[in-house]
Amino acid sequence: MKLSETGLTAEELKGLVKKYMIETYERFDFIAETAKDMYIYDEKGNAYLDFYAGIAVNSAGNCNEKVVKAIQSQAADLIHTFNYPYTIPQALLAKKICDTIGMDKIYYQNSGTEANEAMIKLARKYGVDKYGPEKYEIVTAKMGFHGRSFGSMSATGQPDSAIQQGFGPMTPGFKYAEYNNLKAFEDAITDKTIAIMIEPVQGEGGVHPATKEFMTGLRKLCDERGLLLCLDEVQSGWCRTGEVMAYMHYGIKPDIVSMAKAMGGGLPIGAICAKDEVAKYFTSGSHGSTYSGNPVACAASLAQIGELLDRDLAGNAKKMGEYFMNKLRKVVPHVKEVRGLGLFVGVEFEDGFNSVDIKHECFDRKLIVTAIGSNIIRMVPPLILTEEHCDKAAEIIAESVKALEK
């Protein structure tokens, strides 16, 4: 839909948002009207270089042609039906995902937080049914982030943040341990523990990849203690880090893995995949969702995943991620650390440089990035980018930081 078709001015449209919408995000002062590949365009046709991809969603590029065609075609045939009949996109996507990542079963959801809720529920159902009513506790990581519904935000190890503050008691059954500290996780395990749940790369927590020692150590610890290893790949999954799934960097396999974001190419879809011996504990009536496995969302996902795999965008993410991080280290001033995995990139700045200020300076120069914490910017661009895009983004970030020098 174009602004010119509404009969409204840009300011009138923004006024509608201010009057009618509950706003929990700080808006950029522009209207995103169209998008293609690496760029988002406003109502005046100005191009913004997209280094956030709808927060790691549009990984095969904005409005990828195959994804768009899949949506249009499926919407003309069947938009929604619930899960009583079989549907073609749902079945084909299930095979594609399970075969690609080496898992046995999939359960569809509608978002990342729902996928993590399903993972939490399945882990607890497994523990309670197999071992008894007290086997339900899950150890998660400090500074992790798993979503904003009650179970997933209770799993989020940020008790002093706005994520958890002001909502009353959190859902019981979670303990937090220091990320990348195997001993801390081992010490947090009790007789009630059934699972360990972490992100292979902490996103909202500052873009911190798991170490090889930590990840392989958790797998061994879970095997020795009879625990489930649950990995939240909502943001790191589907080629973002230079492998199809981030856990593949470590030579391990989880018992349950969640996914969303890049999985859908822009439509709301998420899922968990699990090993057979765990998946069987989701029995009839134990979980459900009206929209899960929606035909249009599954068709979009099938096209998106096909693009990611067929074009080896994991390989491009690995190559461009190394190039981009090295470029940032060379040209951007006042950098404390550049870190990441593939095209999951964080830049931490010296004290005195505010990440929100840098984000806005970048926006003024038509580059879109996100701010996390007080002095970190995060970049999760479409995985189709080139060295030229990386060079341009690094130069704009450098200019933005220099503009904030005192």
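Scroll up to find the structure.
About the thresholds
- Residues numbered from 1 in each chain as written.
- Predicted model: local features only at pLDDT ≥ 70, side-chain atom pairs only at ≥ 80, totals over all residues.
- Heavy atoms only, no water.
- Helix = DSSP H or I, 4+ residues; strand = E, 2+ residues; numbered from the N terminus.
- Rg over C-alpha atoms; globule rule 2.2 N^0.38 Å.
- Contact = heavy atoms within 4.5 Å.
- Buried < 20%, exposed > 50% of the residue type's maximum accessible area, 1.4 Å probe, protein only.
- Pairing = 2+ DSSP bridges.
- Phe/Tyr/Trp six-rings, centres within 6.5 Å; stacked < 30°, edge-to-face > 60°.
- Lys NZ or Arg CZ within 6 Å of the ring centre and 35° of its normal.
- Axes fitted to C-alpha atoms, helices over the stretch in contact; angles between N-to-C directions.
- Core = buried A, V, L, I, M, F, W, Y, C linked by side-chain atoms within 4.5 Å.

Undergrad: Any details on the overall build of the protein chain? Residues and values, ideally.
TA: Each helix and strand counted, the protein chain has 13 helices and 17 strands in total. In terms of overall dimensions, the protein chain is globule-like: its C-alpha atoms have a radius of gyration of 21 Å, near the 22 Å expected for 406 residues. Taking the principal axes of its C-alpha atoms as reference, the protein chain extends roughly 60 × 55 × 45 Å. Across the protein chain, every contact between residues at least 6 apart in sequence was considered, and the portion connecting residues at least 24 apart equals 70%.

Undergrad: Now, about the pairing of strand β7 (residues 193–198): what can you tell me, with residues and values included?
TA: Most of β7 sits inside the fold, with six of its six residues counted as buried. Alignment of strand β5 (residues 137–141) against β7, held across four bridges, turns out to be parallel. Looking at the pairing, I138 lines up with A195 of β7. Bridge analysis of β7 against strand β10 (residues 228–232) gives four bridges, and the strand direction is parallel. In the strand pairing of β10, A195 is matched with L228.

Undergrad: Report on the packing of aromatic side chains, specifying residues and quantitative values.
TA: Per the counting criterion, the structure on display carries 12 aromatic pairs. Arranged with centres 5.2 Å apart and planes meeting at 80°, the rings of Y126 and Y281 form a pair that is edge-to-face. Highlighted residues: Y126 in helix α5 (residues 112–131) and Y281 in the loop between α9 (276–279) and α10 (295–310), separated in sequence by 155 residues. Assessed through its relative accessible area of 7%, Y126 is described here as buried. Here Y281 falls in the buried class, since its relative accessible area comes to 15%. Over the face of the ring belonging to Y131 we find K135, whose NZ or CZ atom lies 5.9 Å from the ring centre.

Undergrad: Before we move on, could you go through unusual backbone geometry and cite the residues and values that matter?
TA: Although it is not a glycine, I55 sits at a positive phi angle of roughly 60°. Relative to the helices and strands, I55 resides in helix α2 (residues 53–56). Under the relative-accessibility criterion, I55 is labelled partly exposed at 22%. Positive phi, normally seen in glycine, also occurs at A56, with a value near 65°. Here A56 is to be found in helix α2.

Undergrad: Describe the side chain of T87, and please don't skip the residues or the numbers.
TA: Following the sequence through the fold, T87 ends up in the loop between α3 (65–77) and α4 (88–101). Given a relative accessible area of 8%, T87 falls into the buried group. Ignoring sequence-local partners within four residues, the contact set of T87 consists of L78, T81, G293 and P295.

Undergrad: Residues and numbers for the sheet that holds strand β17 (residues 376–379), please.
TA: By way of backbone hydrogen bonds, the strands of a sheet pair with one another, either parallel or antiparallel. Spatial strand order, β13-β14-β17-β16: four strands in an open sheet with antiparallel pairing. The sheet is open, and its two borders are formed by β13 (335–341) and β16 (370–372), each paired with just one other strand. Adjacent strand axes in the sheet meet at a mean angle of 25° when their direction is disregarded. Of the strand pairs in this sheet, β13 and strand β14 (residues 344–349) are connected by six bridges, and their pairing is antiparallel. Counted as the bridge partner of R339 is G346 from β14. With respect to the sheet, helix α11 (residues 313–331) is in contact with β13, β14 and β17, its orientation differing from that of β13 by roughly 180°.

Undergrad: Requested: an account of the nonpolar core, with residues and values cited.
TA: In terms of nonpolar packing, the biggest core is built from 88 residues, with I101 and W238 touching the most fellow members. Among residues more than four places away in sequence, those in contact with W238 are I97, T100, I101, V244, M245, M259, A262, M263, I305, L308 and L383. A123, Y126, Y281 and F282 belong to the second largest nonpolar core, which has 22 residues in total.

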